[in-house]
Amino acid sequence: MENAAARDAVPWPEKNTQASWADYPRNQAIARIAENGRQAWKVEVGYHRRSLAETAMFRYKTISRPQLYSRELLTQKQENTMKIKAINRMTALGMPKSIACS
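Let me begin by describing the structure that accompanies this report. (Residues numbered from 1 in each chain as written. Predicted model: local features only at pLDDT ≥ 70, side-chain atom pairs only at ≥ 80, totals over all residues. Heavy atoms only, no water.)

## Topic: the packing of helix α4 (residues 47-64) against helix α5 (residues 73-94)
Under the convention used in this document: To get an axis, fit a line to the C-alpha atoms, keeping to the stretch in contact for a helix; angles then go from 0 to 180 degrees between the N-to-C directions. Going along the chain from the N terminus, every DSSP run of H or I of four or more residues is numbered as a helix, and every run of E of two or more is numbered as a strand. Working rule for angles: under 35 degrees goes down as roughly parallel, over 145 as roughly antiparallel, 65 to 115 as roughly perpendicular, anything else as oblique. Rotating anticlockwise by less than a right angle from the far helix to the near helix defines a left-handed crossing, while the corresponding clockwise rotation defines a right-handed one. Contacts are assigned to residue pairs with any non-hydrogen atoms lying within 4.5 Å of each other. Only Asp, Glu, Lys and Arg are considered charged, only Ala, Val, Leu, Ile, Met, Phe, Trp, Tyr, Cys and Pro nonpolar, and every remaining residue, Gly among them, polar.
Two elements in contact, α4 and α5, have axes separated by 11 Å at closest approach and are oriented at 110 degrees. By the angle between their directions, the pair α4 and α5 is classed as roughly perpendicular. At the point where α4 passes α5, the crossing takes the right-handed sense. Facing α4, whose interface residues are Arg59, Tyr60, Ile63 and Ser64, α5 presents Asn80, Lys83, Ile84, Ile87, Met90 and Thr91. Residues of the contact of α4 with α5, tallied by class, amount to five nonpolar, three polar and two charged.

This is the structure we're talking about:
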């Protein structure tokens with residue numbers, strides 16, 4: 001469910017600069033949403049994949065803390081690999097097994 005702020009988005013006003021107000025990325029996004037709809041825009045810009053990536057990074061930082069205990073780069077890489085594998089395993093265990101319906 002979308003919040004009211006997202007539904008009622010308005011373009012940024014034109015400023016006294018040489019750049020046109022329509023060139024602002026926010027205004028371009030609002031225009032595309034008005035043309036094609038929010039769901040089509042999300043597919044177009046890959047919004048779902050970005051949301052999944054942001055959620056994964058939040059989960060990583062929350063569970064494993066943003067600090068590393070290792071001092072050397074090689075062992076830091078190994079530490080991160082272990083943390084990521086553990087989070088991937090926990091995520092996989094929590095995912096439901098889905099079956100395609102015919």
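## Overview of α4
Threshold: In this scheme, a helix's expected span is set at 1.5 Å multiplied by one less than its residue total.
Between its first and last C-alpha atoms α4 spans 26 Å; for 18 residues at 1.5 Å apiece the expected length is 26 Å, and the two agree. Positioned one or two residues after α4, Arg65 has a phi angle of 65 degrees, which is positive.

## Observations regarding the packing of aromatic side chains
Two aromatic rings, taken as a pair, are described by how far apart their centres are and by the angle between their planes. Basically, it comes down to this: Planes of paired rings set the category: under 30 degrees apart is stacked, over 60 is edge-to-face and the rest tilted, where pairs are Phe, Tyr or Trp rings (Trp by its six-membered ring) whose centres lie within 6.5 Å. Any residue under 20% of the maximum accessible area for its type is buried, any over 50% is exposed, and the rest in between are partly exposed; the area is computed with a 1.4 Å probe on protein chains only.
Summed over the entire model, instances satisfying the criterion amount to one aromatic pair. Ring centres of Trp41 and Tyr47 lie 5.9 Å apart, and the angle between their planes is 40 degrees; this geometry places the pair in the tilted category. In this structure Trp41 comes out as buried when scored by relative accessible area, which is 15%. Tyr47 sits in the partly exposed class, given a relative accessible area of 30%.

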